[in-house]
Amino acid sequence: NNVTNAQSVAQDMQALQDTGFDAIKVYSKLSADHFAAFNHAAEQSGFPILGHIPQTVDLSEVWGSQLKELAHVEELVKALDREFGGYDRHSTNEFLSFVRQRSEAIAKQLVKHDMAVVSTLDLMQSLVTQKHAIDQALTDAELQYVNPGISESTMPSIRVMGWLPEVNIYRLSHDYPEERLAGNRLYWQAYAQANVILLEAMAEQGVKVLAGTDANVPVMVPGFSLHDELVALTGAGFTASQALYAATRAPADWIKLKTGRIEAGFQADLLLLDGDPLLDINNTREIAAVINNGRWYDRGAIDAMLASVAKANDHSRNHHIDHYH
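All values reported here derive from a predicted model rather than from experimental measurement.

## Focus on the overall build of the protein
Okay, so step 1: The number of helices and strands found in the protein is 13 helices and 8 strands.
Okay, so step 2: Against the 2.2 N^0.38 benchmark of 20 Å for 325 residues, the protein shows a C-alpha radius of gyration of 21 Å, consistent with a compact globule.
Okay, so step 3: Projecting the C-alpha coordinates of the protein onto the three principal axes gives extents of approximately 60 × 55 × 40 Å.
Okay, so step 4: In the protein, which comprises 325 residues, the proportion classed as buried is 45%.
Okay, so step 5: Within the protein, contacts between residues separated by at least 24 positions form 67% of all contacts whose residues are at least 6 apart in sequence.

In structure tokens:
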């Protein structure tokens, strides 16, 4: 929904709340005046706002606002980039030093104001590969399980979601100057590392981190990408226990759903694994069976479901992807 009149924000929010929505997500292009209007209306109604940090808003204005969940750690990186004055391929080391200097204070503010942050780290770390080696990025992903309408970007409403080389939204253009490739790689490597630095501080300070992947954005395969995210989190200072908590109890508690833990009265959702994820987080992939809302699916049933998804996708596919397997 586009917002054109700051004076109508409170009325518009109330209408959405009355309709049954749980929250409003704000995006990067929101003006400072509109953000202030959303913030005031949320404070008055108790209707939470979440999402992006508008480009017009400084971090000092975020703390204490009604923005109670950031959709990506990346939002903080962007805000720090604005504070820094905009880094480029020549100032990556200086920017990362700046992020390290600010990271602990930012983590403490997140704790103080009880703000949750969705991680989406694996996506940030995939950007370099998608820009410079898209075939490798697609080979690494479980592409056969992605809806072809998304990966091929055949629907006008999802043009921004294209995965394959000819439509990938992150890949560098074919005419990108060769002499600038190394610098571009440095820039995006630093961007991913800035996310890692902030997450390391968040793990240390006990920030409410929620494991998320922006699933269906290239190359984040729904379901599979969450396992990749857990690996990324443990590479960013999280213990295996902290990473698992971020993917189970933390988001369930934040959304106020009765799931995410084994307790009387809670939904019976459980993975049975063939290896201990506390010893190796990759063991979350060693799934022997799934209990979903009390229903049992053994490995055979899971494999059959995956096979049916792949077959259905192949039936509607316009481009062969065999070379990515």
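Here the narrative resumes, following the displayed structure.
## Side note on the sheet that holds strand β7 (residues 287-292)
Okay, so step 1: Taken together, the 3 strands give an open sheet; going across it, the order is β6-β7-β8, and neighbouring strands pair in antiparallel fashion. A strand with exactly one partner marks an edge of an open sheet, and here the two such strands are β6 (270-273) and β8 (295-298). The sheet shows a mean angle of 15 degrees between the axes of neighbouring strands, taken without regard to direction.
Okay, so step 2: In terms of strand pairing, β7 meets β8 through 4 bridges, oriented antiparallel. Bridged to Val290 within β8 is Tyr297.
Okay, so step 3: Here helix α13 (residues 299-315) sits on the sheet and contacts β7 and β8; the angle it forms with β8, its principal contact strand, is near 80 degrees.

## Quick look at the environment of Arg317
Okay, so step 1: Examined against the element boundaries, Arg317 turns out to sit in the segment after α13.
Okay, so step 2: In this structure Arg317 comes out as buried when scored by relative accessible area, which is 13%.
Okay, so step 3: Setting aside anything within four residues of it in sequence, one finds Arg317 in contact with Gln144, Val146, Pro148 and Glu152.
Okay, so step 4: A polar side-chain atom of Arg317 sits 3.1 Å from a polar atom in the side chain of Asp314.

## With respect to the side chain of Ser28
Okay, so step 1: With respect to the element layout, Ser28 can be found in the loop between β1 (24-26) and α2 (32-45).
Okay, so step 2: Looking at Ser28, its side chain comes within polar contact range of the side chain of His52, at 3.1 Å.

## Some details on unusual backbone geometry
Okay, so step 1: In the segment running from Pro218 into Val219, the intervening peptide bond is cis, with an omega of 0 degrees.
Okay, so step 2: You can see Val219 is positioned in the loop between β5 (208-210) and α10 (224-234).
Okay, so step 3: For Lys256, which is not glycine, the phi dihedral falls at a positive 65 degrees.
Okay, so step 4: Relative to the elements of secondary structure, Lys256 occurs in the loop between α12 (249-255) and β6.
Okay, so step 5: Its identity is not glycine, yet Asn293 carries a phi of approximately 55 degrees, on the positive side.
Okay, so step 6: Its place among the elements puts Asn293 in the loop between β7 and β8.

## Comments concerning the pattern of salt bridges
Okay, so step 1: Counted under the stated rule, the structure contains 11 salt bridges.
Okay, so step 2: A salt bridge links Asp114 to Lys208, with the nearest nitrogen and oxygen atoms 3.0 Å apart. Taken together, the positions of Asp114 in the loop between α5 (92-112) and β4 (116-118) and Lys208 in strand β5 put the pair 94 residues apart, joining distant regions of the chain.
Okay, so step 3: Under the relative-accessibility criterion, Asp114 is labelled partly exposed at 46%.
Okay, so step 4: Residue Arg317 is joined to Asp314 by a salt bridge in which the shortest nitrogen-to-oxygen separation is 3.1 Å.
Okay, so step 5: What emerges from the salt-bridge pattern is a single network uniting Arg249, Asp253, Arg261 and Glu263.

## Points about the packing of α10 against helix α11 (residues 240-247)
Okay, so step 1: The interhelical angle for the contact between α10 and α11, taken along N-to-C directions, is 140 degrees, at an axis separation of 9 Å. On the basis of their axis angle, the class for α10 and α11 is oblique. α11 is crossed by α10, and the crossing has right-handed handedness. Every residue of α11 that contacts α10 at Leu230, Leu233 and Thr234 is listed here: Ala240, Ala243, Leu244, Ala246 and Ala247.
Okay, so step 2: Taken together, the residues of the contact of α10 with α11 break down into 7 nonpolar, 1 polar and no charged.

## Quick word on the sheet that holds strand β3 (residues 67-70)
Okay, so step 1: The 5 strands are arranged β1-β2-β3-β4-β5 in an open sheet whose pairing can be described as parallel. With partners counted over all chains shown, the strands left at the sheet margins are β1 and β5, one partner each. For this sheet, the mean angle separating the axes of adjacent strands, direction not counted, is 30 degrees.
Okay, so step 2: Where β4 lies against β5, 3 bridges are found, and the strand directions are parallel. By the bridge assignment for β5, Val118 is matched with Leu210.

Cut-off values and rules
Residues numbered from 1 in each chain as written. Predicted model: local features only at pLDDT ≥ 70, side-chain atom pairs only at ≥ 80, totals over all residues. Heavy atoms only, no water. Helix = DSSP H or I, 4+ residues; strand = E, 2+ residues; numbered from the N terminus. Rg over C-alpha atoms; globule rule 2.2 N^0.38 Å. Buried < 20%, exposed > 50% of the residue type's maximum accessible area, 1.4 Å probe, protein only. Contact = heavy atoms within 4.5 Å. Pairing = 2+ DSSP bridges. Axes fitted to C-alpha atoms, helices over the stretch in contact; angles between N-to-C directions. Polar contact = N/O pair within 3.5 Å; in protein donor to acceptor, adjacent residues only side chain to side chain. Salt bridge = Lys/Arg side-chain N within 4 Å of Asp/Glu carboxyl O. Parallel < 35°, antiparallel > 145°, perpendicular 65-115°, else oblique. Left-handed = near helix turned anticlockwise from the far one by under 90°. Nonpolar A, V, L, I, M, F, W, Y, C, P; charged D, E, K, R; others polar.

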